[in-house]
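Architecture at a glance
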Amino acid sequence: MQRKVIIAGGGTGGHIFPAIAIANALKKLTPNIDILFVGATGKMEMEKVPQAGYPIEGLEIAGFNRSNIFKNILLPFKIWKSLRRAKAILQSFQPDAVVGVGGYASFPMLNSAQKNGIPTLIQEQNSFAGKTNKILGKKAKKICVAYDGMDKFFPADKLVFTGNPVRSNISQSAVTKEDALQHFGLRTDRQTIFAVGGSLGAKSINEGLQPLLKTIADKNIQLIWQTGKLYYETAKAAAAPYESHIKVYDFINVMDFAYKAADVVLSRAGALAIAELCVVKKPVVFVPYPFAAEDHQTSNAMNLVNKHAGLIIKDDEVKAQLGNVLLSLLQNRALMEQLESNIGKLGNPNADMVIANQVLEII
Ligand SMILES: CC(=O)N[C@H]1[C@@H](OP(=O)(O)OP(=O)(O)OC[C@H]2O[C@@H](n3ccc(=O)[nH]c3=O)[C@H](O)[C@@H]2O)O[C@H](CO)[C@@H](O)[C@@H]1O
């Protein structure tokens, strides 16, 4: 019997890539499964999901705009329209289950599925659950989580601790460090930093790195610098004099290569970034985004820092501290090894398969 599953949500990489990891694991378990993604028109999933080989439907939905409340005039209409569209998708695709990964499209899809008696599962990436997931959690069959204490947000009997799902091309990457460095046009006889500001790039990391470029190149260190779209042109121009040492990207499609190439990673502390770094076992300096809901990136990072599994620089201290912290870490082999060994104990490399099994169980 062919099974059909809808995976709904997106908005940023932290929702999209776990969704793709779950889809790949479902395919591994039941190769003839039919999977449809549902995202929000104009958002990153509309590009990344087809790149991963899955079909996606877009709902015209947006979140509440806090900075300009007049932009919310059409919101009730958009919600109504997307709920209607979600119902139509359910009727035509006839899924056996609907998985919500958070982000705009999750609510209309899971809400419609729950009203129509179709089993739903939520994958919550963060240690803090937003309003919509809390509402959806009441009627979901299962809620897969990655942090302790999630019974504050969800009914305890539905919780399954799985960890966050890391794409298997990262968790099972066979690429060598040499090949990875070569891919980026870098050399094997120099130390390499990989700087990544989450799926959208990070202003403070970018502005902290820019004045350090000359020092990095002078010290014969290499940098793979993921900037996000907004800072890309500025970074590209700033790095132009050092192009043999510094490679700039707005987005990296081969994260397994970037992780493998790195001796040290400089990263935001989004939940998926953390899950991946634990699996690839790298010494990391975290710069949590301080304005994420309930400052959850700082709690994510501190959870590791308290276990000596990572270093942290506060967002507003990046300019003052970044050079010092990065360069002294690269010179301190003992600390690099300690961080690497401690972060490696925290990974859940099979979370994708565990969650996929949970999805099949609710069908
Ligand atoms: C500002 C904000 O609110 N960010 C949230 C968002 O982060 P964000 O979308 O940045 O998500 P994460 O850092 O958790 O994950 C980023 C994902 O994008 C991938 N990637 C990233 C950069 C790149 O160039 N290429 C690439 O493939 C990573 O491999 C990873 O799979 O969702 C996370 C998970 O819900 C939350 O914990 C974060 O707090």
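Quantities reported herein were computed from a predicted structural model and do not represent experimental measurements.

**A look at the UniProt feature "domain: Glycosyltransferase family 28 N-terminal" (unreviewed entry) in the protein**
Within the UniProt annotation, "domain: Glycosyltransferase family 28 N-terminal" (unreviewed entry) is assigned to residues 5-144. Summarising residues 5-144: 44% helix, 19% strand, and an end-to-end C-alpha distance of 16 Å.

**Some words on the site of the ligand**
By nearness alone, 26 residues border the ligand, and Thr12, Gly13, Gly14, Gly198 and Gly270 come closest of all. When residues of the shell around the ligand are traced back to their parent elements, those giving at least two are helix 1 (13-29), helix 12 (271-280) and helix 13 (296-305).

**A closer look at the domain arrangement of the protein**
How big an interface is tends to be reported as the loss of accessible area on association of its parts. For the protein, the assigned domains are domain 1 (4-166 + 349-362) and domain 2 (171-344). For domain 1 and domain 2, the distance between their C-alpha centres works out to 29 Å. The interface of domain 1 with domain 2 comprises 16 residues on the first partner and 15 residues on the second. When the residues that make up the side of domain 1 that touches domain 2 are grouped by side-chain class, the tally is 7 nonpolar, 9 polar and no charged.

**What about the pairing of strand 8 (residues 192-196)?**
In summary, the side chains of a regular strand alternate between the two faces of the sheet. Among the 5 residues of strand 8, 5 are classified as buried, and the element is accordingly described as predominantly covered. Neither face of strand 8 is left uncovered, since the one carrying Thr192, Phe194 and Val196 and the one carrying Ile193 and Ala195 both have all their residues buried.

**Let's talk about the packing of helix 1 against helix 16 (residues 351-362)**
Where helix 1 contacts helix 16, the axes come no closer than 8 Å and their chain directions differ by 70°. Between helix 1 and helix 16, the interaxial angle falls into the category roughly perpendicular. Between helix 1 and helix 16 the crossing geometry is right-handed. In this structure, helix 1 uses Ala21, Ile22, Asn24, Ala25, Leu26 and Leu29 to contact helix 16, whose residues at the interface are Asp352, Met353, Ile355, Ala356, Asn357, Val359 and Leu360. Grouping the constituent residues of the contact of helix 1 with helix 16 by class yields 10 nonpolar, 2 polar and 1 charged.

**Thoughts on the sheet that holds strand 12 (residues 284-286)**
Strands sit in the order 10-9-8-11-12-13 across an open sheet of 6 strands; the sheet is parallel. What marks the edges here is a single partner per strand, and that holds for strand 10 (246-249) and strand 13 (311-312). In this sheet, strand 10 lies alongside strand 9 (residues 222-226) in parallel orientation, the contact comprising 4 bridges. What sits directly across from Gln226, in strand 10, is Tyr249. Where helix 14 (residues 318-331) meets the sheet, it contacts strand 8, strand 11 (264-267), strand 12 and strand 13, and its direction lies at approximately 160° from that of strand 11.

**Re the environment of Ile20**
By the element assignment, Ile20 lies in helix 1. Residue classification places Ile20 among the buried residues on the basis of 24 C-beta atoms within 10 Å. A sequence separation of 34 residues divides Ile20 from Tyr54, and the C-alpha atoms of the two residues are 8.6 Å apart. Once residues within four sequence positions are removed from consideration, Ile20 is found in contact with Val49, Ala52 and Arg167.

Rules of the game
- Residues numbered from 1 in each chain as written.
- Predicted model: local features only at pLDDT ≥ 70, side-chain atom pairs only at ≥ 80, totals over all residues.
- UniProt positions renumbered as here; feature names shortened; annotations may be inferred.
- Helix = DSSP H or I, 4+ residues; strand = E, 2+ residues; numbered from the N terminus.
- Near = placed C-beta within 6 Å.
- Domains from an automatic or database assignment.
- Contact = placed C-beta atoms within 7 Å.
- Nonpolar A, V, L, I, M, F, W, Y, C, P; charged D, E, K, R; others polar.
- Buried ≥ 20, exposed ≤ 12 C-beta atoms within 10 Å, placed from the backbone.
- Axes fitted to C-alpha atoms, helices over the stretch in contact; angles between N-to-C directions.
- Parallel < 35°, antiparallel > 145°, perpendicular 65-115°, else oblique.
- Left-handed = near helix turned anticlockwise from the far one by under 90°.
- Pairing = 2+ DSSP bridges.

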